[in-house]
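Descriptive structure summary
Residues per chain are reported as follows:
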Amino acid sequence: MRTWEPMRQRIHAQLERQTSRGVAQWNADIAKAEPPDQDALRAWLTEHDVTGYPQMLLVWETFGYPDFLAAGSDELIGNQYADRQHLRPIFDAVIAAVSGFDGIEVQARKTYVALLSPRRTFGIVKASTKTRIDVGLRLSNPAPHGRLLPAKSLGNDTITVRVGLEKPDDLDAEAIGWFERAYEENL
């Protein structure tokens, strides 16, 4: 499972590229400025041309990182299935099915698990209800039909369709074929 550390390191590097100053230097200046809250710090950083992910990182450095960034993947996934343990075997089967795709990475997030090809996210796995896991997929020109349904509120707009899984038998050759297609389209 991929952790959040590589992302944090990329944002550190982005901050240095954009401002020619590292996190430690910014943290020292922020301490001198003594912003009373996150909104004040964001405004101060914007005045100093620090926006986007670097701004988010410095806010976290100052006011604390969210729990989900400090949590390990086992803890994040455990929390997602704490009140729906009967769905966990389905989740585990999905991860086992996609783990054979070349170069795939799996990243646990707070409310879902992202499936990443070497290029970008091609799918997500989410316990959407107490009785169903949805595997949202990034497919171009999908024509939802049968088990392939529109993904109205899964992830972001790049996740276009979903396959619902309510029992282990739902993870069949058809479902895995959709996962493979999404992976291949996003290489």
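Residues numbered from 1 in each chain as written. Predicted model: local features only at pLDDT ≥ 70, side-chain atom pairs only at ≥ 80, totals over all residues. Heavy atoms only, no water.

Focus on the overall build of the protein chain
- Counting its regular elements, the protein chain contains eight helices and six strands.
- Of the regular secondary structure in the protein chain, the N- to C-terminal order runs α-α-α-α-α-α-α-β-β-β-β-β-β-α.
- By principal-axis analysis of the C-alpha atoms, the protein chain measures approximately 60 × 35 × 30 Å.
- Sorting the 187 residues of the protein chain into buried and exposed places 40% on the buried side.
- For the protein chain, the share of sequence-separated contacts (at least 6 apart) that also reach a separation of at least 24 residues comes to 54%. (Helix = DSSP H or I, 4+ residues; strand = E, 2+ residues; numbered from the N terminus. Buried < 20%, exposed > 50% of the residue type's maximum accessible area, 1.4 Å probe, protein only. Contact = heavy atoms within 4.5 Å.)

Comments concerning unusual backbone geometry
- At Glu34, a residue that is not glycine, the phi angle is positive and equals roughly 50°.
- Residue placement: Glu34 occurs in the loop between helix H2 (23–33) and helix H3 (38–47).

Quick word on the environment of Leu115
- Of note, Leu115 is situated in strand S2 (residues 113–116).
- Judged by its relative accessible area of 1%, Leu115 is buried.
- A C-alpha to C-alpha distance of 27 Å links Leu115 and Gly64, two positions 51 residues apart in sequence.
- Beyond its immediate stretch of four places on either side in the chain, Leu115 contacts Ile95, Val98, Glu105, Val106, Arg120, Thr121, Phe122, Gly123 and Val125.

What to know about helix H1 (residues 5–19)
- In a regular helix each residue adds 1.5 Å, so 15 residues correspond to 21 Å; H1 covers 21 Å between its end C-alpha atoms and thus fits that length.
- Along H1, the residues that are buried comprise Ile11, His12, Gln14, Leu15 and Thr19. Looking straight down H1, one finds that the buried residues subtend no more than 165° of arc, so they occupy a single side. (Expected span 1.5 Å × (residues − 1). Arc of directions from axis to C-beta.)

Section: the pattern of salt bridges
- Counted under the stated rule, the structure contains ten salt bridges.
- Here Asp134 ties to Arg132 by a salt bridge, and the two come within 2.9 Å at their closest N and O atoms.
- By relative accessible area, which is 2% here, Asp134 ends up buried.
- In this structure, Glu185 and Arg181 form a salt bridge, with 3.0 Å as the shortest nitrogen-oxygen distance. Within this pair, Glu185 and its partner Arg181 are both found in helix H8 (residues 173–185), separated by four residues, close to a single helical turn.
- Looking at Glu185, the relative accessible area reads 27%, which means it is partly exposed.
- Linked through salt bridges whose partners overlap, the residues forming this network are Asp83, Arg84 and Lys130. (Salt bridge = Lys/Arg side-chain N within 4 Å of Asp/Glu carboxyl O.)

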